[in-house]
Amino acid sequence: MKIPETPKNNKFIPRRLISSLISSSKTLSSSYLFPSSRSSVPSTPTVKFSQSMMEENIENAGSIIFKWDPNSSSKTKVTSLFHHNRKEANEFLKSVKDLRRAMHFLINENSTSKKLILAQNLMQIAMKRLENEFYQLSKNHEFEIAGESITEVEKLSAVAMTDLKSIAECMISSGYGKECVKIYKVIRKSVVDEELSHLGIKNFRSSQIHKMNREDLEHMIRTWMNAIKIAVRRLFSGERVLCDHVFSASETSRELCFSEITKGGAINLFRFPELIAMRTVRKHSLDKIFQLMELYEAISELWPDIELIFEFESTSAIKLQALSSLLILGDSIRTILSELESTIQKDSSRTLVFGGGVHPLTHSAMTYISSLADFNGVLSNIIVDSSPSSTSPLPDSYFESPPMENGPTPAVSVDLAWLILILVCKLDSKAKLYKDASLSYLFLANNLQFIVEKVCTTNLKHLLGTDWVLKHTEKVKQCASHYESIAWTKVISSLPGKDSAEITPEMAKECFRRFSAAFEGAYRKQTSWLVQDGNLRDELKVSIAKKLVPVYQEFFDTYFMMLSGENNMELLVRFSPDDLRNYLSDLFLGTSTSGCSTSTSSLQLGGCLPR
């Protein structure tokens, strides 16, 4: 018997459905009772029985599919099948599966069957219902943004994810994969975009950021910093998990959906640091380096997650954007570090700091450099090679890298030590502006002590090492020693030494006069000098007292009684040893004097010299 031709009515059966049914015939088992050959043979009782069973399956499928027809006027039109009755939802999916088998059978065995047209109509109704269910399941979930944001994907229950997967597999196997993917992409992209908007992420434009004022820009950076970790580790990661689950049976659909859902939002998110870096470099903002390092640190910390989440070839543009931001941030940070070095070197201020105290350049530079040390991890990635001596006019002896106990010195340690060296050299040139050599050394001692203290109390200590600290502490002591020698030699040398010949009363009176004049001159001058570091100030006072007071005490004890009968004794011996101790305690506080008078006794010596 000749096989009947396919009736014209079959033109209503979608080609994609027919193709899907035919292509799947290879996977159907013999349990479905399909004939093993396609030859023109008469129908057998077995074939008739199978056809009758398949037509019955169509009728059974119709009862539940018509019930959930989205175009019906019943309450099922506005009720979710999967939320209403899970058992019935599973029956619906099974009916679609049975319907598909029946259609496959009829297309192969009896393409003229009127039941095939009914089956086709039922399949279209079923697909419309599943499209609606897929839409609702993809969109309507609990959503919360508060502090540590909880994304929609995190709130999707395992049941809902399973439902989405079941619907997707049913639609794809029924030839409606394109509709399924389209719905999923549209809904999930809107969810991602809405989530990013809730996190404060806008569509960033270069012109907009370039014109933004300081306050608005800082607010935007803080917003981005708060959002980036949530976006990567929750939103994008969650979307990847959901895509992988729903389209586990189709790698192509999985990759296509995830790429189109996240691409726009992710690229915009990762482009923001690049725009900030470009703006900062154009405006030469040295103080913005810390914001750039925070942005760099944020992306760098998330880079393993970014590589894993966006591993598809179709999402390579997202990774490239994140990498581009890292590279541009790194270049901008290196540029600012070079500008910092240049700024220190070119500082031309000739204003003398009152009393030889800590120079404002020392304050600002060391605060800046010590803050850089807080970003050791970032700088270690950015500063991979450093050789400042190659371009510096300073001799090679200046370039001693801080030694490290465990291996070679990191480049970041070399660079920060180099910046401090540039600062010290600049301070050395500023010290020469003081006309008093002793004040020049006091100025250097003050500033070096500030530098050492800043290093010891910040992360610089770990980067520069103990040897660096000891070496520069010794330099502080050297400067302090030079100061003492120049400032107090005249006072000490006014007294006779131990090897001096026997002194007559007249010689003793002259020694007292010279000492009083020298001490008063030194005291008056140095009370206006300043040592801000308490430890250094006390060390200097103790050191000066040890050199001066014992020598004067011995001379005073020896010759004061010799001259006790002299007239105007208060003018001759103006200071007792106790007076010296009291006056020395007043040094380096930054006060000033205008003159003094003499006193007459060991309790009142010194007149109006301030104490």
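Under an unreviewed UniProt entry, the name given to the protein is Exocyst subunit Exo70 family protein, and the organism recorded is Carya illinoinensis. Under the Function (unreviewed entry) heading, UniProt states for the protein: "Component of the exocyst complex." Per UniProt, the protein has the following entry under Sequence similarities (unreviewed entry): "Belongs to the EXO70 family."

Colleague: Quick rundown of the pattern of salt bridges? Include the residues and the values.
Modeller: Note that side chains of opposite charge can pair when their charged atoms are close. For the coordinates displayed, the defined rule picks out 26 salt bridges. Note that E301 is salt-bridged to K229, the shortest N-O span being 3.3 Å. Of this pair, E301 sits in helix α12 (residues 289–309) while K229 sits in helix α10 (residues 214–246); the two residues are 72 residues apart in sequence, bridging distant segments of the chain. Across the salt bridge formed by D331 and R334, the nearest N and O atoms sit 2.5 Å from each other. Here D331 pairs with R334, and both are found in helix α13 (residues 316–345), just 3 residues apart, close to one helical turn. Take R334: its relative accessible area is 34%, and that puts it in the partly exposed class. What emerges from the salt-bridge pattern is a single network uniting R214, E218, D287 and K288.

Colleague: Help me get a handle on the packing of aromatic side chains, residues and values and all.
Modeller: On inspection of all chains with the given rule, the structure shows 25 aromatic pairs. On the numbers, 6.5 Å between centres and 85° between planes, the contact of F512 with F556 is edge-to-face. Of this pair, F512 sits in helix α20 (residues 505–526) while F556 sits in helix α21 (residues 534–559), placing them 44 residues apart in sequence. Accessibility classification places F512 together with F556 in one group, the buried group. The lysine or arginine in question, R240, covers the ring of F258, its NZ or CZ lying 5.9 Å from the ring centre.

Colleague: Account for the nonpolar core, with residues named and values stated.
Modeller: Of all hydrophobic cores here, the largest spans 175 residues; its most connected members are F134, W224, F236, F270, L372, W488 and F519. Ranked by residue count, the leading element in this core is α10, at 14 residues.

Definitions and cut-offs
- Residues numbered from 1 in each chain as written.
- Predicted model: local features only at pLDDT ≥ 70, side-chain atom pairs only at ≥ 80, totals over all residues.
- Heavy atoms only, no water.
- UniProt positions renumbered as here; feature names shortened; annotations may be inferred.
- Salt bridge = Lys/Arg side-chain N within 4 Å of Asp/Glu carboxyl O.
- Helix = DSSP H or I, 4+ residues; strand = E, 2+ residues; numbered from the N terminus.
- Buried < 20%, exposed > 50% of the residue type's maximum accessible area, 1.4 Å probe, protein only.
- Phe/Tyr/Trp six-rings, centres within 6.5 Å; stacked < 30°, edge-to-face > 60°.
- Lys NZ or Arg CZ within 6 Å of the ring centre and 35° of its normal.
- Core = buried A, V, L, I, M, F, W, Y, C linked by side-chain atoms within 4.5 Å.

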